[in-house]
Amino acid sequence: MSTTSIDFKSFIEWDNNPFILFNDQGKILYLNNAAEILFGYVTKKELYDIALSYAPQTFGYKTTSLSLNYDTYTFHAITVGYENEEQISLRLYNMPRIKPARKIEKDKLIATDINILLEANIALFRTKNSNPLKLLTDQDLPAFKIDQNNFSKLLRKTLNAFRASDSIDISLTLLFGQHVMIEDQKVSIAQLSILANGRYTDTDDEICMHAEMSQIKCILKEHSIKLEIPLIQ
């Protein structure tokens, strides 16, 4: 079958797996949308060095299983290939998201403006804590369905983990180009990020429990907690 008349570029552009084409000096010749987003979390040099390290010994392509983590992005494998000495390509394969363990009962969920719910819980946190706090949110996030009671408990536990922090930075943004499959439907994701100079870890198990109940991915680190919230409609 002849493929000379087929333009494959659009298929690469639509791929959720980042794809980057470098020249032999590490300059980017092409990247798809997923890779463009990824570069907000990792440097060009780091990915170019990875491509060189895992390149095949001769012309062709080589796929390697490995674990790479950049903020909320986790990859389980890469493919590196080159057909000449001037160009080398790198493709990173997203780690599949774990399928929710429990079925969501949408009829019991309430359409919610997350900004209002977040501000209410921050106000409650401030009645007991005087920590300097910065809040940056996307006011254009659409209302979505969630268990308000459980989500408020999650917010309170999460904020309380930073009760002794010198300052707290909170941001709420849409994760462009990222989705989760819930009941065979692609659902957009918002990320609530709380960052400080340190935090308590005594309630991490409870935070994870409440997050799981609302199908929220919880990323716990020494100085931060990030919640990836599905925008269920």
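Residues numbered from 1 in each chain as written. Predicted model: local features only at pLDDT ≥ 70, side-chain atom pairs only at ≥ 80, totals over all residues. Heavy atoms only, no water.

### Points about the sheet that holds strand β5 (residues 87–94)
Rules: In this description, strands pair whenever DSSP reports at least two bridges between them. Under the scheme used here, helices are H or I runs from DSSP no shorter than 4 residues and strands are E runs no shorter than 2 residues, and both carry numbers assigned from the N terminus. Think of each axis as a best-fit line through the C-alpha atoms, taken over the contacting stretch in the case of a helix, with angles from 0 to 180 degrees between the N-to-C directions.
As summarised here, the arrangement of the 5 strands in space is β2-β1-β5-β4-β3, forming an open sheet in which the pairing is antiparallel. One side of each edge strand has no neighbouring strand; the edge strands of this open sheet are β2 (28–31) and β3 (60–70). Going from strand to strand, the sheet's axes swing by 20 degrees on average, the running direction of each strand aside. By the bridge criterion, 3 bridges tie strand β1 (residues 19–23) to β2 in an arrangement that is antiparallel. Residue Ile20 lies in a different strand from β2, and its bridge partner there is Leu31.

### Considerations on the nonpolar core
The criterion, for reference: Residues enter a nonpolar core if they are buried and are Ala, Val, Leu, Ile, Met, Phe, Trp, Tyr or Cys, with the set joined through side-chain atoms within 4.5 Å. Relative accessible area decides the class of each residue, using a 1.4 Å probe on protein chains only: under 20% of the type maximum gives buried, over 50% gives exposed, and in between gives partly exposed. Only heavy atoms matter for contacts: two residues are in contact if any of them lie within 4.5 Å across the pair.
Formed by 29 residues in total, the largest nonpolar core has its most connected members in Phe151, Ile170, Leu192, Ile216 and Ile229. Mapped onto this core, the elements with two or more residues apiece are α4 (114–126), β8 (144–146), α5 (148–160), β9 (168–182), β10 (185–196), α6 (204–213) and β12 (224–230). When residues in this core are grouped by element, the largest group, 5 residues, is from α4. Beyond its immediate stretch of four places on either side in the chain, Ile229 contacts Ile114, Phe144, Ile146, Phe151, Ser188, Ile189, Ala190, Leu192 and Ile216. In this structure, Phe22, Tyr48, Tyr73 and Leu90 belong to the second largest nonpolar core, which totals 21 residues.

### Considering the sheet that holds β12
The strand order across the open sheet built from 5 strands is β7-β9-β10-β12-β11, with neighbouring strands paired in mixed fashion. Strand pairing shows two members of the sheet lacking a second neighbour, β7 (133–137) and β11 (217–220), which therefore form its edges. Mean inter-strand twist for the sheet, computed between neighbouring axes without regard to direction, equals 20 degrees. Both β9 and β10 contribute to a ladder of 11 bridges, which runs antiparallel. Paired with Ile170 across the bridge in β10 is Ile194. The sheet contacts of α5 involve β9, β10 and β12, and relative to β12 the element is tilted by about 165 degrees.

### Here we look at the side chain of Asn129
Rules: Here a polar contact is recorded for every N or O atom pair within 3.5 Å, except that within protein the pair must consist of a potential hydrogen donor and a potential acceptor, and residues adjacent in sequence are included only if both atoms are side-chain atoms.
Along the chain, the position of Asn129 falls in the loop between α4 and β7. Within polar-contact distance, the side chain of Asn129 engages the backbone oxygen of Phe125 at 3.0 Å.

### What about α6?
Selection criterion: To obtain the arc, one takes the directions from the helix axis to the C-beta atoms.
All of the buried residues in α6 are Asp204, Ile207, His210 and Ala211. Down the axis, α6 shows its buried residues gathered within 130 degrees of arc, on one side only. Where the residues of α6 are buried, they touch α5, β11 and β12. Of the residues trailing α6, Gln215 is marked for its positive phi of about 60 degrees.

Distances and angles like these do not, on their own, reveal function.
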